[in-house]
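Examination of the molecular architecture
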Amino acid sequence: MTKYTKEIKLAIYHEWVDDHRRGAYLSRKYGMGRRGIQYLVDLIQKMVKIFWIALNRNILLISSLLPLIEFCLAVKHLDRFL
């Protein structure tokens, strides 16, 4: 299986959410199966949701936030999870 960069994963996510492109198109474009794309999108949404819940409950330490903040800032649709 091909290892995808963070930029490609975010591009897939943004095309799914922003452009409403779905499995068949993204599968052809990125060479990933439709289930893999659905799993990636679900995983990103779940990770962002867990991050915001933990942040709102003051569970996370500042030092552990930096990579998550960087990732979450790249995801445009944070308002869904707030």
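Residues numbered from 1 in each chain as written. Predicted model: local features only at pLDDT ≥ 70, side-chain atom pairs only at ≥ 80, totals over all residues. Heavy atoms only, no water.

**Focus on the overall build of the protein**
Counting its regular elements, the protein contains four helices and zero strands. In sequence order, the secondary structure elements of the protein are arranged as α-α-α-α. Burial analysis of the protein (82 residues in total) assigns 33% to the buried set. Of all intrachain contacts in the protein linking residues separated by at least 6 positions in sequence, the fraction that spans at least 24 positions is 54%. (Helix = DSSP H or I, 4+ residues; strand = E, 2+ residues; numbered from the N terminus. Buried < 20%, exposed > 50% of the residue type's maximum accessible area, 1.4 Å probe, protein only. Contact = heavy atoms within 4.5 Å.)

**Side note on the packing of helix α1 (residues 6-17) against helix α3 (residues 34-56)**
As a packed pair, α1 and α3 sit with axes 10 Å apart at the nearest point and diverge in direction by 90°. Judged on the interaxial angle alone, α3 and α1 are roughly perpendicular. Residues K9, I12, Y13, W16 and V17 of α1 touch α3, and the partners they reach there are I37, Q38, L40, V41, I44 and Q45. (Axes fitted to C-alpha atoms, helices over the stretch in contact; angles between N-to-C directions. Parallel < 35°, antiparallel > 145°, perpendicular 65-115°, else oblique.)

**Focus: unusual backbone geometry**
Positive phi outside glycine occurs at H20, with the angle close to 55°. Note that H20 resides in the loop between α1 and α2 (23-30).

**So, the nonpolar core**
If you look at the biggest cluster of nonpolar residues, it comprises 17 residues, and the most contacted ones within it are I12, W16, L26, M32, I37 and I44. If one sorts the elements of this core by residue count, α3 sits on top with seven residues. (Core = buried A, V, L, I, M, F, W, Y, C linked by side-chain atoms within 4.5 Å.)

**Let's talk about the confidence of the model for the protein**
Regions with low pLDDT carry predicted coordinates that are not meant to be interpreted in detail. Averaged over the protein, the pLDDT score is 78; the fraction of residues at 70 or greater is 72%. When pLDDT is averaged over each element of the protein, α2 comes out on top at 91 and helix α4 (residues 62-74) at the bottom at 66. (pLDDT = per-residue confidence, 0-100.)

**Side note on the pattern of salt bridges**
According to the stated counting rule, one finds two salt bridges in the structure shown. Across the salt bridge formed by E15 and R21, the nearest N and O atoms sit 3.6 Å from each other. On the basis of relative accessibility, which here comes to 32%, the residue R21 falls in the partly exposed class. Put simply, E15 and K29 hold a salt bridge, and the shortest N to O gap is 2.9 Å. Remark: K29 occurs in helix α2 and E15 occurs in helix α1; sequence separation between them is 14 residues. (Salt bridge = Lys/Arg side-chain N within 4 Å of Asp/Glu carboxyl O.)

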